[in-house]
Amino acid sequence: MLFSGKALSVQMLDNGIAELNFDLQGESVNKFNRLTVTELSQALDAIEAADGVKGVLLTSGKGVFIVGADITEFGGAFSAGPEGIADLMNKNNENINRLEDLPVPTVVAINGYALGGGFEVCLGCDYRVMGDQAKVGLPEVKLGLIPGWGGTVRLPRIVGVDVAAEWIAAGKEQRPDAALTAHAVDAVVPTDKLKDAALKLLGRAIDGELDYQSRREIKKSPIPLNDTEALMAFFTTKAFVGQQAGKNYPSPVAAVTSIEQGYKVGRDEALKIEQEQFIFCAQTGTAKSLVGLFLNDQAIGKVAKGWEKKADKKIERAAVLGAGIMGGGIAYQSAYKGTPIKMKDIAQDGIDLGLKEANKLLSKLVDRGRLTPAKMGEVLNRIEPTLSYDGFGDVDVVVEAVVENPKVKHAVLKEVEGKVSEDTVIASNTSTISIDHLAEPLARPENFLGMHFFNPVHKMPLVEVIRGEKTSDNAIARVVAYANKMGKKAIVVRDCPGFLVNRVLFPYFAGFAMLVRDGADFQAVDKVMERWGWPMGPAYLMDVVGIDTGVHAEKVMAEGFPERMGKTFTAASDVMYEAGRYGQKNDKGFYNYEEDKKGRPKKVATEESYELLKPHVADRRDFEKDEVIERMMVPMATELARCLEEGIVDSPAEADMALIYGIGFPPFRGGIFAWLDSIGLDEFVKMADKYADLGELYQPTERMREMAAKGETYYKSN
Ligand SMILES: NC(=O)c1ccc[n+]([C@@H]2O[C@H](COP(=O)([O-])OP(=O)(O)OC[C@H]3O[C@@H](n4cnc5c(N)ncnc54)[C@H](O)[C@@H]3O)[C@@H](O)[C@H]2O)c1
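Residues numbered from 1 in each chain as written. Predicted model: local features only at pLDDT ≥ 70, side-chain atom pairs only at ≥ 80, totals over all residues. Heavy atoms only, no water.

### Here we look at the UniProt feature "domain: 3-hydroxyacyl-CoA dehydrogenase NAD binding" (unreviewed entry) in the chain
So the rule is basically this: UniProt positions are given in the numbering used here, feature names are shortened, and annotations may be inferred rather than shown by experiment. Secondary structure elements follow DSSP: runs of H or I no shorter than four residues count as helices, runs of E no shorter than two count as strands, and numbering proceeds from the N terminus.
Per the UniProt entry, the sites bearing "domain: 3-hydroxyacyl-CoA dehydrogenase NAD binding" (unreviewed entry) are residues 318-496 in this numbering. Helix makes up 40% of residues 318-496 and strand 21%, whereas the separation of the span's terminal C-alpha atoms amounts to 26 Å.

Shown next as structure tokens:
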């Protein structure tokens, strides 16, 4: 053994080959934490000092190669400013340079994920052999960063500037076929033959059959592009990347800039340029938010896994009641992810519609080559349409997704409870009705809870799991396990009207209603909020949700929280509803909808809406952008703070993730609590107080005021 550490080891194989094996003790994956970086440096010392080393083979002792840097170490290093950031990056840059400069050839056997820093160390090797199940990529832009260990320097020198810019700016994982086509790897072989293949290749390099030195030269030299080629490559790429990413996400453009500024110089100069761009990105609010979001996502994933472990049994069979928009979507998702599901409706029409939707979604996957027709058949076979309760005695979980009417739901829930086994868990997909209220007629309320999916089910990641007063832990565990199996992000919340997401969404809509009442142009409000980062502004969102659905839900919320959400005026949505303008579903709402070339609804402005609103609103006037943002966001933020204080949600991280996954809160802001921390609660309270005369929704809670006075934040690490 040349070196033996806690993260990696080096041992001599036959023929003078040193195997550098990454195997981080106590972890399921390899990552570049500080320990690994330090030990890699020590391992290189040992290799450099050893006699008789003729070649180096890099391998992994885990199912993955190396998944990337240890993101939990970013926060501390980034807040230490440029020097702290450089310090975090330098040591491993040195390592990879040393690996690249060894006097012997190097080959890496990429057996599984090699992402970010994990792929960058592979790029430092002379040859890359990839297993057929592995994936490679540089996903740093997803964290608001760019590769910082030579990714923007070596990848363009290996695969060319166009492919490198595309890979890095999109941050996507690449499959073996794509990696081979791009020449990012030299061979793809079945995983069980990987080490042999890598050793063979290394042997050929040692024997002088392969010229590894000239490969190195390419990686260490400027890129041979003339000025015109460079201008063409970088000018168009930067414009395209900038437009795709938007101004709130600067790192993809920074990555292209790093390639652009570094192509004319050698490796060491280019690495300095990369580091400047990395430091710039690491100091942006976007990186801070996206890194925070990544960590929050891991935290909610852990909580969900924890629940799953507590479940008394695995979910093998499911059922859904109602084959409408939501029921159909739930059946599709369940079947697609492998859980057979009965889909019951009272009308054959409903069933036909549900199946048609599933068929459409699966056909799209087949068209795109993501699914074979045979697999599509298997998925469809897992959906069993039915008009009866036959076989309901065998299901582990039932999701009720019939119309949003408490009387109908009471009847349906009581009925199904009589058809299932004693331990079957029944979940309602209600969007607003209190779970405790729905549980009233049930004999086994402990087996009942909410499982709130978002529309469209196959796209929206969030599932709110709602605990009623009598819901048992086992019922929650089973439903979280089911959500996990469906590939969803489950967040457990407590019962109240609207639960978490809709409870804070409707105050936001109320803010919108007041703005329009006071003379704001709804299109202008949409534009401001979209620029702020929302995927769609409030009027457009209402149209997509359905004005009828929205108006109905608003009533439920007003009854639940009359002091804050009770209506005192005719809201713009009421006006649209009265005029039969239900939104996208009937092609007219705040906007009109026409089909675009691809058959998707496209919104177009219409004077009709303005005419209808005129009698109910003040004369049109322009509002400052900040006023629009503040009047929209203050009600949402104060309501979310109330939810946290009341224990509706357990932590700021879960609340922030719920809004990002449920309604597309701008990820680069990290969530509402992260946003509040970034502006400071004292500033927020001042902001809210400016609008005190708009009513209770604009009152920060006492706790918020206290926190503001003490300079406290919601997240500890700020
Ligand atoms: N549409 C959304 O955006 C959305 C989002 C989240 C939650 N939800 C909730 O999901 C539920 C369903 O909404 P939807 O939009 O799918 O409605 P929908 O009108 O599209 O579908 C309801 C289906 O239930 C069927 N149905 C009615 N009574 C039934 C019964 N006794 N047994 C079996 N089936 C019955 C109807 O025939 C219809 O096919 C509601 O509670 C709604 O609040 C909807």
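What follows continues from the structure just given.
### A few points about the sheet that holds strand 4 (residues 55-60)
Keep this limit in mind: Here the rule is simple: two strands pair whenever DSSP picks up at least two bridges between them. The contact rule is simple, with two residues in contact once any of their heavy atoms fall within 4.5 Å. All axes are obtained by fitting lines to C-alpha atoms, using only the stretch in contact for helices, and the reported angles, taken between N-to-C directions, cover 0 to 180 degrees.
Within the open sheet, the seven strands sit side by side as 1-2-3-4-5-7-9. Their pairing is mixed. Of all strands in the sheet, those with a lone pairing partner are strand 1 (3-4) and strand 9 (187-189), marking the two edges. With three bridges connecting them, strand 7 (residues 127-131) and strand 9 associate as parallel partners. Note on strand 9: the bridge partner recorded for Gly-131 is Val-189. Each of strand 1, strand 2 (8-12), strand 3 (17-22) and strand 4 is contacted by helix 1 (residues 34-49), which is oriented at about 15° to strand 2, the strand it contacts most.

### Here's the deal with the site of the ligand
Definition in use: Definition of nearness: a residue and a molecule or strand are near each other if at least one heavy atom of the residue lies within 4 Å of the molecule or strand. Distance and chemistry together define a polar contact, namely a pair of N or O atoms within 3.5 Å, with one atom able to donate a hydrogen and the other to accept it when in protein, and with adjacent residues in sequence counting only for side-chain atoms on both sides. Only the protein chains shown count as cover for residues, and the accessible areas themselves come from Shrake-Rupley with a 1.4 Å probe. Put simply, Ala, Val, Leu, Ile, Met, Phe, Trp, Tyr, Cys and Pro go in the nonpolar bin, Asp, Glu, Lys and Arg in the charged bin, and everything else, Gly too, in the polar bin.
Around the ligand sit 19 residues, and of these Met-326, Asp-345, Glu-404, Lys-409 and Ser-431 come closest. Residue Ile-325 places a main-chain N or O atom 3.1 Å away from an oxygen atom belonging to the ligand. Within the side chain of Asn-455, a nitrogen or oxygen atom sits 3.3 Å from an oxygen atom of the ligand. When the ligand is considered free in solution it has 830 Å² of accessible area, and contact with the protein chains removes 80% of it. Taken together, the elements giving at least two residues each to the shell around the ligand come down to helix 14 (325-336), helix 17 (406-417) and strand 15 (448-453). Taken together, the residues that form the shell around the ligand break down as eight nonpolar, seven polar and four charged.

### Focus: the environment of Asp-211
Convention followed: Relative accessible area decides the class of each residue, using a 1.4 Å probe on protein chains only: under 20% of the type maximum gives buried, over 50% gives exposed, and in between gives partly exposed.
By the element assignment, Asp-211 lies in the loop between helix 8 (194-206) and helix 9 (212-220). By relative accessible area, Asp-211 is classed as partly exposed at 47%. The spatial distance from the C-alpha of Asp-211 to the C-alpha of Asp-162 is 25 Å, given a sequence separation of 49 residues. A polar atom in the side chain of Asp-211 sits 3.3 Å from the backbone nitrogen of Gln-213. Of note is the side chain of Asp-211, whose polar atom sits 2.9 Å from the side chain of Ser-214.

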